[in-house]
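Given next are the chains, with one letter for each unit.
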Amino acid sequence: MPVPWFLLSLALGRNPVVLSLERVVGPQDTARCSPGLSCHLWDGDVLCLPGSLVSAPGPVLVPTRLQTELVLRCHEETDCDLCVRVAIHLAVQGYWEDPEDEEKFRRAADPELEEPRNASLQAHIVLSFQAYPTAHCVLLEVQVPAALVQPGQSVGSVVFDCFEAALGAEVQIWSYTQPRYQKELNLTQQLPDCRGLEVQDNIQSCWALPWINVSADGEDVRLVLDVSEEQRFGLSLYWNQVQGPIKPWWHSNLTGPQTITLNHTDLVPCLCIQVWPLEPDSVRTSICPFREDPRAHRNLWRAARLQLLPPLGWRLDAPCSLPAEATLCWQPLDGGPCLSLVPPLPRENVTVNKVLEFPLLKGHPNVCVQVSTWEKLQLQECLWADSLGPRKDDMLLVETRGPQDNGSLCALEPSGCTPLLSRASTRAARLGEQLLQDVQSGQCLQLWDNDLGALWACPMDKYIHQRWALVWLACLLLAAVLFLLLLLKMSRVKGWLRLLKENIRAGAAARSRAALLLYSADDASFERLVGALASALCQLPLRVAVDLWSRRDLSAQGALAWFHAQRRQTLQEGGVVVLLFSPGAVALCREWLQDATSAPRAHDPHDAFAASLSCVLPDFLQGRAPGRYVGAYFDKLLPADAVPALFRSVPVFSLPSQLPDFLGTLQGSAAPRPRRLAERAEQVSRALQPALDSCFRPPGAPGTGRGMGPEAGDRT
């Protein structure tokens, strides 16, 4: 992709677009005047001392304008030096103080007199020429005939040949009179180098200069230095800043020829190339080929860094000068564009790499700095927030003061500056009177103040809190009214709420109630019945523990250890131990209640009921059973009087006829109302009915074989 300066060949000393210079022969300086004037160049240099200003005694001759021209002063055909010719334009300034003096001057210049005098106006003009590191001053004596003396009128010019200067040098020229009647004239000029003059064959210092070709190499830049293989030269890349000294970037002494590649990201408009032969007093020539390159300008803005220095300082760091302006703006808390503070605050031209300050009295975290060109916004920073905290929800008020001490306040908003006492629908207009009182009472922070106006930052937190407090209060009142209407007008809703409350209370209490079922495994059908009862109790819900569901733990720990662990946990949690009596359980109890000398028969090692009697019987014998134990039996399997009298110290229920009372005792204080309890008892009864029916089938009927069924599986 070609770049704007593609194949731009800047050959030092061989540029086809050059300036042809006039030749001046001879080493002597000369002066010549325009017609009508006479002039004389004093020999030798004079002191370059302008002296102080003095008042003119009458009309005086003073320089009004300086004009320069480059010429060649040649000693031989091919041995010339660059020389600066200076033309000084002169005019008459001032008037006669005494009319008689003017009359005498006019009579002396009158040609009709028999013996006219050569009356004229004379001036001594000093020319001062400085080109680092030398300075040179000359004195010109100029006379103007009295006939040409008209105050305020130009009288002609005097031309001086010439001041010798080095190629590429910066020269400064001053001109003033002795004595000095006005401020001296001055002129600064950058002289061209070998590139812009037709001098390669006349100025010997240009003969040895290397050539530089600047061309594109894809996205990068190629510098080709075409010199002989033995010639040594210096090459320097530097940033030529208008504001501040030259900043060297890269320097090297090389031997030609050389090709150097620059990355396109290193290009900036002020990047210049300087080259010179490594010889004493050699001419240095510079070119700056990237001033108009769009990529160089984009790189410059990418490299620019805007730093804000607390409390009110800021600095723009950049390798080159930037044609930009800096302004202050106000960044609202809710985002959106930063609102410009111009006016009332002025814009400021940017000076890079220099600390500047804005005319604020105090800093604020919402105040930001914007740097922009005439095209668009380039940089914005709000780094004062690092020292002043996060942005605040403050309203910025702009005060405008009139000539008769009358002022007005408006609030800066995205839609513009809204007057505080207007009828607009903005937040500032709604709170206009309160904000005005805040300013008058000193609750707002003054950021800027001068004769034309002021800026105030007013906190808005209290108004936001008041608004939300009213909203919440309205919501609470509405909710309270709706709740009262529901309670007073809707009896069904009241009943539903009461039932829901009971269910929640009962459910929470029931979930905390544990029940341990102890039974004797008489046969498979009875085990299925116990499993059905345990499953139905879990739906109340209750936390039910039964050995039928813990056969693994029972085998691993042993029946007695398993029972001790379950009993201790159940009682510690406020639960209850349920003794489920059957013919087999009654027989086991009677064996334990017989004389200790009788040896009990061997039992199934997995029978938790037989193992538990060693702990259960002492509780009943010592009176610790009430409140901790509950008895139950199935009325079709066991008559009521078959339960041993020792166990009747606790409630004993017949199932399923006394299911409501049984369930109420299990749930304790969390038991629901009788109607709800009856519904749960009916559910449990329906769940038990299939298992009860299987227990009363004739022997050999299907379903009476030994086994526990699906409910009796190991649930651990």
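Treat the numbers as computed from the prediction; the structure is a model and nothing was measured.

A. Up close: the overall build of the chain. Scanning the chain for helices and strands turns up 14 helices and 36 strands. The buried share of the chain, reckoned over its 716 residues, is 43%. Taking contacts inside the chain between residues at least 6 apart in sequence as the whole, the part at least 24 apart equals 67%. When the accessible area of the chain is evaluated, it comes to approximately 38,500 Å², of which 53% is carbon and sulfur surface.

B. Up close: the layout of surface pockets. The calculated volume of the second largest pocket comes to roughly 560 Å³. Lining the second largest pocket are 24 residues, and of these Pro 269, His 297, Leu 300, Trp 301 and Pro 323 lie nearest its centre. The dominant element in the lining of the second largest pocket, judged by the number of residues it contributes, is helix H2 (residues 294-303), at six residues. Here the lining of the second largest pocket is composed, by residue class, of twelve nonpolar, six polar and six charged. Both domains that meet at the lining of the second largest pocket, namely domain 2 (212-295) and domain 3 (304-392), each give it at least three residues.

C. Here's a closer look at the sheet that holds strand E7 (residues 120-131). Ordered in space as E4-E8-E7-E10-E11, the five strands form an open sheet in which the pairing is antiparallel. Each edge of the open sheet carries a strand with a single partner, namely strand E4 (38-41) and strand E11 (185-190). On average, each strand axis in the sheet is inclined to that of its neighbour by 20 degrees, with strand direction left out of account. Looking at chain direction, E4 and strand E8 (residues 134-145) are connected through four bridges and run antiparallel. Bridge pairing in E8 links Cys 39 to Val 142.

D. Geometry of the pattern of salt bridges. Going through the model one piece at a time under the given rule, you end up with 18 salt bridges. Taking the shortest distance from any N to any O, the salt bridge between Arg 32 and Asp 161 comes out at 3.0 Å. With Arg 32 in strand E3 (residues 30-33) and Asp 161 in strand E9 (residues 154-164), this residue pair connects regions lying 129 residues apart in the sequence. What makes Arg 32 partly exposed here is its relative accessible area of 41%. When salt bridges that share partners are traced, they join Glu 22, Arg 32, Glu 69, Arg 85 and Asp 161 into one network.

E. Structural view of helix H10 (residues 559-572). Between its first and last C-alpha atoms H10 spans 20 Å; for 14 residues at 1.5 Å apiece the expected length is 20 Å, and the two agree. Buried residues of H10: Ala 559, Trp 562, Phe 563, Gln 566, Arg 567, Thr 570 and Leu 571, and no others. Across the axial projection of H10, the buried residues extend over an arc of 145 degrees, all falling on one side.

F. A look at the environment of Glu 76. Its place among the elements puts Glu 76 in strand E5 (residues 60-76). Judged by relative accessible area, which is 55%, Glu 76 ranks as exposed.

G. Highlighting the state of the cysteines. One pass over the full model with this rule turns up nine disulfides. Disulfide partner of Cys 74: Cys 80, at an S-S distance of 2.0 Å. With the S-S dihedral at roughly 105 degrees, the linkage between Cys 74 and Cys 80 falls on the right-handed side. On the basis of relative accessible area, Cys 74 is assigned to the buried category, the value being 7%. Residue classification places Cys 80 among the buried positions, given a relative accessible area of 1%.

H. Quick peek at the packing of helix H13 (residues 659-667) against helix H14 (residues 674-695). Taken N-terminus to C-terminus, the directions of H13 and H14 make an angle of 110 degrees; their axes are 9 Å apart at the nearest point. In terms of axis orientation, H13 runs roughly perpendicular to H14. Between H13 and H14, the contacting residues are Leu 659, Pro 660, Leu 663, Gly 664 and Gln 667 on the first element and Leu 677, Arg 680, Ala 681, Val 684 and Ser 685 on the second. A breakdown of the residues in the contact of H13 with H14 according to their chemical character gives six nonpolar, three polar and one charged.

I. Region of the structure containing the environment of Pro 192. Its location among the elements puts Pro 192 in the loop between E11 and strand E12 (211-217). For Pro 192, a relative accessible area of 25% corresponds to the partly exposed category.

J. Quick peek at the sheet that holds E5. Read across the open sheet, the five strands follow the order E2-E5-E6-E9-E3; overall the sheet is mixed. Each of the sheet's edge strands pairs with one partner strand only, and the pair in question is strand E2 (22-25) and E3. Each neighbouring strand pair of the sheet contributes to a mean axis angle of 35 degrees, computed without reference to strand direction. As defined by bridge partners, strand E6 (residues 79-93) adjoins E9 across eight bridges and the pair is classed as antiparallel. Counted as the bridge partner of Val 86 is Phe 160 from E9.

K. Focus on the packing of helix H8 (residues 524-538) against H14. Direction vectors running N to C along H8 and H14 enclose 175 degrees, while the axes themselves pass 9 Å from each other. Classified by the angle between their axes, H8 and H14 sit roughly antiparallel to one another. Residue-level inspection shows Ser 525, Phe 526, Arg 528, Leu 529, Ala 532, Leu 533 and Ala 536 of H8 in contact with H14, the latter providing Val 684, Ala 687, Leu 688, Ala 691, Leu 692, Ser 694 and Cys 695. Residue composition of the contact of H8 with H14, by class: eleven nonpolar, two polar and one charged.

L. A look at the pairing of strand E29 (residues 416-419). Here strand E28 (residues 407-413) runs beside E29; their pairing, made up of four bridges, is antiparallel. What sits directly across from Glu 413, in E29, is Gly 416. Connecting E28 to the antiparallel partner E29 that follows it, the hairpin turn spans two residues.

M. Structural context of the environment of Leu 345. Topologically, Leu 345 is positioned in the loop between strand E22 (339-340) and strand E23 (348-349). Sequence spacing of Leu 345 and Trp 448 is 103 residues, and the spatial spacing of their C-alpha atoms is 8.8 Å. Those residues in contact with Leu 345 that sit more than four places away from it in its chain are Leu 328, Pro 359, Leu 360, Trp 448 and Leu 455.

N. Local environment of the packing of aromatic side chains. For the coordinates displayed, the defined rule picks out eight aromatic pairs. Between Phe 129 and Phe 163, the ring centres sit 4.6 Å apart and the planes meet at 10 degrees, which makes this aromatic pair stacked. In this pair, Phe 129 sits in strand E7 while Phe 163 sits in strand E9, placing the two residues 34 residues apart along the sequence. Its relative accessible area of 3% is what places Phe 129 among the buried residues. For the pair Phe 160 and Phe 163, a centre-to-centre distance of 4.7 Å together with 45 degrees between the ring planes defines the contact as tilted. By relative accessible area, which is 1% here, Phe 163 ends up buried.

O. Structural view of the nonpolar core. The biggest cluster of nonpolar side chains holds 57 residues, and the ones touching the most others in it are Leu 223, Trp 314, Leu 316, Trp 330 and Val 371. Sort the elements by how many residues they give to this core and strand E14 (residues 232-239) lands first, with four residues. Non-local contacts of Leu 223, meaning those with residues more than four positions away in its chain, are made with Asn 213, Val 214, Leu 237, Gln 258, Thr 259, Ile 260, Leu 262 and Ile 273. Counting 39 residues, the second-largest nonpolar core is a separate cluster that includes Leu 61, Leu 82, Ile 88 and Val 92.

P. Structural detail: a nonpolar patch on the surface. Together, Leu 478, Val 481, Leu 482 and Leu 485 line one region of the surface with nonpolar side chains, adding up to about 370 Å² of accessible area. Examined against the element boundaries, Leu 482 turns out to sit in helix H6 (residues 461-489). Residue Leu 482 is classed as partly exposed on the basis of its relative accessible area, which comes to 48%.

Conventions and cut-offs
Residues numbered from 1 in each chain as written. Predicted model: local features only at pLDDT ≥ 70, side-chain atom pairs only at ≥ 80, totals over all residues. Heavy atoms only, no water. Helix = DSSP H or I, 4+ residues; strand = E, 2+ residues; numbered from the N terminus. Buried < 20%, exposed > 50% of the residue type's maximum accessible area, 1.4 Å probe, protein only. Contact = heavy atoms within 4.5 Å. Areas by Shrake-Rupley, 256 points an atom, 1.4 Å probe, with all protein chains shown as cover. 1 Å grid on protein atoms, 1.4 Å probe; cavity = no way out; pocket = protein on both sides within 12 Å on 5 of 7 lines; lining within 4 Å. Points joined across faces, edges and corners; volume = space filled by probe spheres on them. Nonpolar A, V, L, I, M, F, W, Y, C, P; charged D, E, K, R; others polar. Domains from an automatic or database assignment. Pairing = 2+ DSSP bridges. Axes fitted to C-alpha atoms, helices over the stretch in contact; angles between N-to-C directions. Salt bridge = Lys/Arg side-chain N within 4 Å of Asp/Glu carboxyl O. Expected span 1.5 Å × (residues − 1). Arc of directions from axis to C-beta. Disulfide = S-S within 2.5 Å. Parallel < 35°, antiparallel > 145°, perpendicular 65-115°, else oblique. Phe/Tyr/Trp six-rings, centres within 6.5 Å; stacked < 30°, edge-to-face > 60°. Core = buried A, V, L, I, M, F, W, Y, C linked by side-chain atoms within 4.5 Å. Patch = residues over 30% accessible without salt bridge, like charges linked within 9 Å, V, L, I, M, F, W, Y side chains within 5 Å.

Function cannot be read off these values alone, since they describe shape.
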